[in-house]
Every structure is written in C-alpha cells, then in structure tokens.
Amino acid sequence: MHTFIPYRRLKDIFLIQGEELDHLRVRRVKRGEKVGAIWEEELYLCELEGISKTEARLRIIERLETKRPSVKIRLVQAVPVELKTFETILQKSTELGVQEVVPLITERSFRNKEIIEKKRERWERIVLESMKQCKRPYRLSLREPISIEEFKPEDEINLVLDNFSEGRRIKDLDLKEAKSVSLVVGPEGGFSKRDVDMFKDLGLVFVKLEPHVLRTDTAAVVGIGLIVNLADP
Ligand code: SAH
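Since we're looking at a predicted model, the values are computed, not measured.

Draft legend 1. Local environment of the nonpolar core. Core analysis: the biggest nonpolar cluster contains 38 residues, and Leu75 and Leu90 have the highest contact counts within it. Those elements that place two or more of their residues in this core are β7 (72–78), α2 (83–96), β8 (100–105), α4 (120–134), β11 (157–161), β13 (180–185) and α6 (216–231). In terms of residue count, the dominant contributor to this core is α6 (five residues). Each residue touching Leu90, except ones within four places of it in the same chain, is listed here: Val101, Trp123, Ile126, Val127, Leu140 and Leu142. Core analysis: the second largest hydrophobic core is formed by 15 residues, Leu24, Ala37, Tyr44 and Ala56 among them.

Right, dumping it as structure tokens:
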C-alpha cells in the first residue's frame, strides 16, 4: 500500500497536490485503489476517488491503529565525514521509531556546521519519505547540530557506544522500566581521547557491541534495535 501526505482534509476527503501528487502518478495508483495517508500523526486507510491535473482526492475509509516504541529514544549521532551515511542513519532511525536525532560534532566528525545546516531540508525530506515507506505517522524531530560541550545528558539513561571502552554490553543493562534513553554514536574514525573524557565528565554510561568493530551506521542501527527490544515491557 502506497502512502501519501495530504495537504488538506475536508471531512472524509484528503486532498493531495504538488510533489505528493507527482508520487501518486509515478506509482500509477488507479481510481478505487487503496492507499495510506498520514495526517496529524495518524495513519488512515483511504481509496483514491479522483485525480485531476492539479489534485487528487482520497476518501477516508478508516483510521488505522499504529504502535510506537515504549521508550523515547534520542540518537546523538556524530556526523559522519561521508555525509551520505547520515542519510542512511536518518532513514533507519525513522524505521526503528527513534523520536529525536541530534547531529553531534566531535573531534573526528564532519565539522562544518554551515554545510550541515544546508542539508536540513534534504534530511527532513528523507525522514518524510521513510515515514511513508514504514507507515510511521508520528514525527521524528531532527535537531540543530551541537558540539559535545553543548550536549546535556537529560534522558533517564544516557549511553555512549564506544568500541574502545571497557563498557558494558547493552543487553546487560536493565531498560525494562526506562522511559527515555539517549545513545551517542561516534563517527567513522571513532571518538578521540578528548571526546571520551568529556563523555566521562558528563556521566554517560559506556557500552560496547560484540564481537566486532562496526561501521557507524551499523552501530547506530544495532544499538537502537537492541534498546527498542530490551525496553519493550
Ligand atoms: N575507527 C574506529 C572505529 C570507529 S566505529 C576503529 O578503528 O576502531 C564508529 C563508531 O561506531 C564508534 O565510535 C562507536 O560509537 C560505534 N561502534 C562501532 N563498533 C562498536 C562496538 N563494537 N561497540 C561499541 N560501539 C561501536
């Protein structure tokens, strides 16, 4: 089922235009075909009622129940030098139910804030596309980039993934009652000694994954996947 984001609702009709209309055409959706629509953080089952040059009309059939992870996850991701990798991470974070992604500038990460800010629009679009693909109706909030000095560990559990640390294994943490967890992940070149010292000062809990050293995107995905799983009551 293809899913779209309407721009307007009129009782039991959703209106689609612009880029979303282009998508509907590319996907060759036929009149009477069932489609999904994301509206005000809810997912609806609809049927394509009509399509003109400028607009498509979806008739709402019903609102669908959707689930969320039981824990609020904040991914604090060092911006990879290979910026495209950040796009993969955003996409997978959306699929996995992450609430918030904070681009982090570390000693060895991509460091140009201006360029990162210029990517925002493209990154927001990647999140939206991913939401449609995985039928996630609630937003993922993409925060402004910050440096470690600006990072405040304000979640109930604040973890940092570090392959060099003598950290604990994620699966040994007790996340059953956790309401909010943040996970800090390093860039391709890992964290510097200075980064690590700052995380220690902030009181973060160091965790490691086994058995190998993972790429930053793999580490983020596996880390989040484990947290979602362990926190599910
Ligand atoms: N260049 C480093 C590897 C960095 S991997 C080296 O050669 O050792 C990039 C990031 O992914 C790390 O900073 C860490 O946050 C995370 N990561 C990768 N593998 C990990 C593991 N086994 N345990 C914990 N974190 C890991």
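Draft legend 2. Structural context of the pattern of salt bridges. Per the counting criterion, the structure on display carries 24 salt bridges. In this structure, Lys72 and Asp155 form a salt bridge, with 3.6 Å as the shortest nitrogen-oxygen distance. With Lys72 in strand β7 and Asp155 in the loop between β10 (146–147) and β11, this residue pair connects regions lying 83 residues apart in the sequence. Looking at Asp155, the relative accessible area reads 9%, which means it is buried. A salt bridge links Arg143 to Glu100; its shortest N-O distance comes to 3.3 Å.

Draft legend 3. Up close: helix α1 (residues 18–26). Regarding α1, the residues found buried are Glu20, Leu21, His23 and Leu24. The buried side chains of α1 occupy one side of the element, clustering within an arc of 155 degrees when seen end-on. If you follow the buried residues of α1, they end up packed against β1 (3–4), β3 (13–16), β5 (42–51), β6 (56–64) and α4. Phi turns positive one or two residues past the end of α1, at Arg28, with a value near 55 degrees.

Draft legend 4. Layout of the site of the ligand. Lining the immediate surroundings of the ligand are 19 residues, of which Leu161, Gly186, Leu209, His212 and Leu214 lie closest. Glu188 is positioned with one of its backbone polar atoms (N or O) 3.1 Å from a nitrogen atom of the ligand. About the coverage of the ligand: the protein hides 86% of its 560 Å² of free accessible area. Where the shell around the ligand is concerned, the elements lending two or more residues are β14 (205–208) and α6. Here the residues of the shell around the ligand are counted per class, giving ten nonpolar, six polar and three charged.

Parameters at a glance
- Residues numbered from 1 in each chain as written.
- Predicted model: local features only at pLDDT ≥ 70, side-chain atom pairs only at ≥ 80, totals over all residues.
- Heavy atoms only, no water.
- Core = buried A, V, L, I, M, F, W, Y, C linked by side-chain atoms within 4.5 Å.
- Buried < 20%, exposed > 50% of the residue type's maximum accessible area, 1.4 Å probe, protein only.
- Helix = DSSP H or I, 4+ residues; strand = E, 2+ residues; numbered from the N terminus.
- Contact = heavy atoms within 4.5 Å.
- Salt bridge = Lys/Arg side-chain N within 4 Å of Asp/Glu carboxyl O.
- Arc of directions from axis to C-beta.
- Near = heavy atom within 4 Å.
- Polar contact = N/O pair within 3.5 Å; in protein donor to acceptor, adjacent residues only side chain to side chain.
- Areas by Shrake-Rupley, 256 points an atom, 1.4 Å probe, with all protein chains shown as cover.
- Nonpolar A, V, L, I, M, F, W, Y, C, P; charged D, E, K, R; others polar.

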